[in-house]
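Analysis of the macromolecular model
So you can see what is in the structure, the chains are spelled out below.
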Amino acid sequence: MPAKSKSQQKAAGAALSAKRGDTKKSELKGASKEMYESMSEGELEELASTKHKGKPEHKGD
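Residues numbered from 1 in each chain as written. Predicted model: local features only at pLDDT ≥ 70, side-chain atom pairs only at ≥ 80, totals over all residues. Heavy atoms only, no water.

1. What to know about the nonpolar core
- Residues Ala3, Ala11, Ala12, Ala15, Leu16, Ala18, Leu28, Met35, Tyr36, Met39, Leu44 and Leu47 constitute the largest nonpolar core, which totals 12 residues.
- The element best represented in this core is helix 1 (residues 6-19), accounting for five residues.
- If sequence neighbours within four positions are ignored, Ala3 has contacts with Gln8, Gln9, Leu47, Thr50 and Lys55. (Core = buried A, V, L, I, M, F, W, Y, C linked by side-chain atoms within 4.5 Å. Buried < 20%, exposed > 50% of the residue type's maximum accessible area, 1.4 Å probe, protein only. Helix = DSSP H or I, 4+ residues; strand = E, 2+ residues; numbered from the N terminus. Contact = heavy atoms within 4.5 Å.)

Below, the structure written as C-alpha cells:
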C-alpha cells in the first residue's frame, strides 16, 4: 500500500526508524506513534519508500 501523502510517508519513516532502534520510541508523536504500534516493519518500509513526486503534502477528504 503506497503512501497517499508526503506527511503519511514522513510519519511512516519516523515509525520505521523507531522500529529499527535508530530513534527512541518516546520521540514519536501522533500518526507515527500509532503506526509504530499497529504496523509491521515491512508495512512501514513500504509506506516510507513510496515515491513522493506528485503526492499532496496532506491527504484531503
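2. Remarks on the pattern of salt bridges
- Inspection of every chain in the model, using the stated rule, returns two salt bridges.
- Residue Arg20 is joined to Glu41 by a salt bridge in which the shortest nitrogen-to-oxygen separation is 3.3 Å. Residue Arg20 is found in the loop between helix 1 and helix 2 (30-38), and its partner Glu41 is found in helix 3 (residues 41-48); the two are separated by 21 residues along the sequence.
- Arg20 gets classed as partly exposed once you look at its relative accessible area, which sits at 43%.
- Among the ionic pairs, Glu45 bridges to Arg20, the shortest N-O distance being 2.7 Å. (Salt bridge = Lys/Arg side-chain N within 4 Å of Asp/Glu carboxyl O.)

3. Considerations on helix 1
- Over its 14 residues, helix 1 extends 20 Å from the first C-alpha to the last, a length consistent with the 20 Å expected when each residue adds 1.5 Å.
- Inspection of helix 1 places Gln9, Ala11, Ala12, Ala15, Leu16, Ser17 and Ala18 among the buried residues, and these make up the whole buried set.
- Looking at the buried side of helix 1, the elements it contacts are helix 2 and helix 3.
- Looking one or two residues beyond helix 1, the residue adopting positive phi is Gly21, at roughly 90°. (Expected span 1.5 Å × (residues − 1).)

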